[in-house]
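# Inside the fold
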Amino acid sequence: MASARKRSRGESLALRYAILGAWALFCLVPVLWFLSIGLRPRIEIITPQPIYFPTFSLDAWHMIWEDWPMGKYLRNSVLAIIGSVIIDLILAIPAAYSLSRFEYKGRDDIGFYILSTRMMAPAIVAVPIFFLFRNFGLLDTIWALMLIYAAINLSFVTWIIRSYMLDIPKELEDAAKTDGAGELRILWEIIIPAILPGIITASVIAMIFAINEFLFTLLIASTPDAYTMSVALANFTGGSDGVIYNAIALVAFLAFLPVFLVVVLIQKHLSRGLTMGAVKG
Amino acid sequence: MARIQLNNIQKRWGAIWGVRDVNLDIADEEFVVFLGPSGCGKTTTMRMIAGLEEPSEGEIVMDSEVMNEIDARDRDVAMVFQGYALYPNMTIYENIRFPLRMRGVPKEQHDTLIKRAAGLVELTDYLDRKPSALSGGQRQRAALARAIVRQPHVFLMDEPLSNLDAKLRQHMRVQIKHIQRELKITTVYVTHDQIEAMTLADRIVIMDKGAIQQIGTPDEIYNDPANTFVANFIGAPPMNLIAGVMEQGTFTAPGVRVDGLPAKHDGKVTLGVRPEDCTVTADGGHLSGSVYGVEPTGDMTYLTIKVGDKLIEVKAHRDYRADLNSDASVGFDPKRIYIFDTASGQRLR
């Protein structure tokens, strides 16, 4: 009886692993697919017949690093994204603190206004932003990319952090006040550590949005000095060489890799962050 | 360490009254308990003393200095909160150290002070843990240690034991009283638990609907209630209150007749008598009714008697037993009968 129950539990566990494994494979197939495209010779990709045992080739790898300044694009992407997230956090944390903790006239309207900037189609503001950046002499610079990514993401980063701050019991701040702490000290020593999972979650989402940003990057970056990975992808889609699929796939994989690694490294905080606002524990 | 005076304190949020005309003088080293039901204004009054709320009117004075305009962080008060309010990212050691850092206490003194405070609440072995790794009682003790570590002028405690189980609550009560006596720090304690109030307080302030109902020692509050609210709020089970009529020293109500009372209170009055001042008699008592419930608790038996549509509680001998709906007669201790004006609820003396 007991051994039958044990066997049934083992079978149930195996079934669970099988389902989860199948789901993981389903999610991973696109990633593995474009990695496999990136590591094949170009000729194999455009043949109409399926190739079950593809040839391994580093042609695309050599091409993107030797014929194109991919290192520079990658560096531009990383700098612009990290810079934009830092700008976002510097602005969003005090804004969220104010929106979640202080009472003043129009507070909720201001909160909604901040969020409403996200509701605008990017194309509407593209031309004014181009002229604005040109007048400031910021076209074709990493600084411009940092600012534009930060501006795009600021509203939801503020909103996410605000929702986490609302979950922090007010008693904590009252305790800190009676212990002798001022507002900035409370923010720095009590609130920020308490909402760290929320800050990490907002940062990762901002990074993902930033790395995928294409329209404004194309508008602002006109030379490889400011090209990022997303714009670099476009370089392989035209010109006399035609569409270079294996290079596109490999660059896409390289663009995906940093965010993937960040998510894996902070997975514990991220999963806590994504659920913290939802369930009070 | 500090005398606290509340002079005509009021707190309003628009049309809503939180606290009305509170006047109170708390002596140095005194342990005062604010007692009342939820929403009676006791926590709001305490938060005004802490500087976490601003009074709409009136003055808060500590040692002759008006505190109204002084920030919470600049008042030398320490507060213990109902939900402990320990900083989750810090260890217990860092939690207790926080007020020392904020108040600029020299670093070399920190360790000694922290260990002394932790020792007082028996928490020395848990200093390197995070609050999440402690039980409710340990967290409450950590909150207490954080409050006492810098020896403030005033302790404020907002229902600090309400999240603990009964046994732990009793233990912590003794500990709090002991520490307060040892440190001789003026303490204001908020609770809705009358046992905590009776056991801890030098004086109890009973509040209801934002106003003070009575201020007195636990004995005065219990034995000499100022009105029906206080009489009904203190005591478990509470005082029996029977509305009736007084005529030339005789109180009558359906099923109740008491002679020999002072003749000066003729009219509609409410007679009050505590369950322990009632005695079950064979017959000829002050009250006759039928047995509604018998609840033996080991050391006594709670007897509920139905008189008309009213239920009267009696603390009977532990061996007392009776059948449901059987006739019962109860006598009152004539020295322990209280008369209140039915309309105003105020005590008639």
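Here the structure is a predicted model, which means the values were calculated and not measured.

## Overview of the pattern of salt bridges
The final tally for this structure, using the stated rule, is 23 salt bridges over all chains. The shortest N-O distance in the salt bridge between R107 of chain A and D108 of chain A comes to 3.6 Å. Measuring nitrogen to oxygen at the nearest pair gives 2.6 Å for the salt bridge that ties R101 of chain B to E189 of chain A. Placement of the pair is R101 of chain B in helix α2 (residues 92-102) and E189 of chain A in helix α9 (residues 183-194), with the two residues belonging to separate chains. By relative accessible area, R101 of chain B is classed as partly exposed at 26%. Classification of E189 of chain A by relative accessible area gives buried; the value is 13%.

## Re the domain arrangement of chain B
Residues and elements named next belong to chain B. By the assigned domains, chain B splits into domain 1 (4-231) and domain 2 (234-348). Facing 14 residues of domain 1, the contacting portion of domain 2 comprises 13 residues. A buried area of about 1200 Å², summed over both sides, lies between domain 1 and domain 2, and 50% of it is on carbon and sulfur atoms. It is Y222, T228 and A231 that lose the most area in domain 1 upon contact with domain 2, and together they represent 45% of the buried surface on that side.

## Let's talk about empty space enclosed by the protein
Where empty space is left can be seen by rolling a probe of water-molecule size over the atoms. All names here are of chain A. If you walk through the whole model with that rule in mind, you get one cavity of 30 Å³ or more. In this model, the largest cavity occupies a volume close to 30 Å³. Residue lining of the largest cavity: S77, I81, Y149, A210, I211, T228, M229 and S230, and that is the complete set. Across the lining of the largest cavity, the residue classes tally to five nonpolar, three polar and no charged.

Cut-offs and rules
Residues numbered from 1 in each chain as written. Chains lettered and ligands numbered in written order. Predicted model: local features only at pLDDT ≥ 70, side-chain atom pairs only at ≥ 80, totals over all residues. Heavy atoms only, no water. Salt bridge = Lys/Arg side-chain N within 4 Å of Asp/Glu carboxyl O. Helix = DSSP H or I, 4+ residues; strand = E, 2+ residues; numbered from the N terminus. Buried < 20%, exposed > 50% of the residue type's maximum accessible area, 1.4 Å probe, protein only. Domains from an automatic or database assignment. Contact = heavy atoms within 4.5 Å. Buried area = accessible area lost by both parts, 1.4 Å probe. 1 Å grid on protein atoms, 1.4 Å probe; cavity = no way out; pocket = protein on both sides within 12 Å on 5 of 7 lines; lining within 4 Å. Points joined across faces, edges and corners; volume = space filled by probe spheres on them. Nonpolar A, V, L, I, M, F, W, Y, C, P; charged D, E, K, R; others polar.

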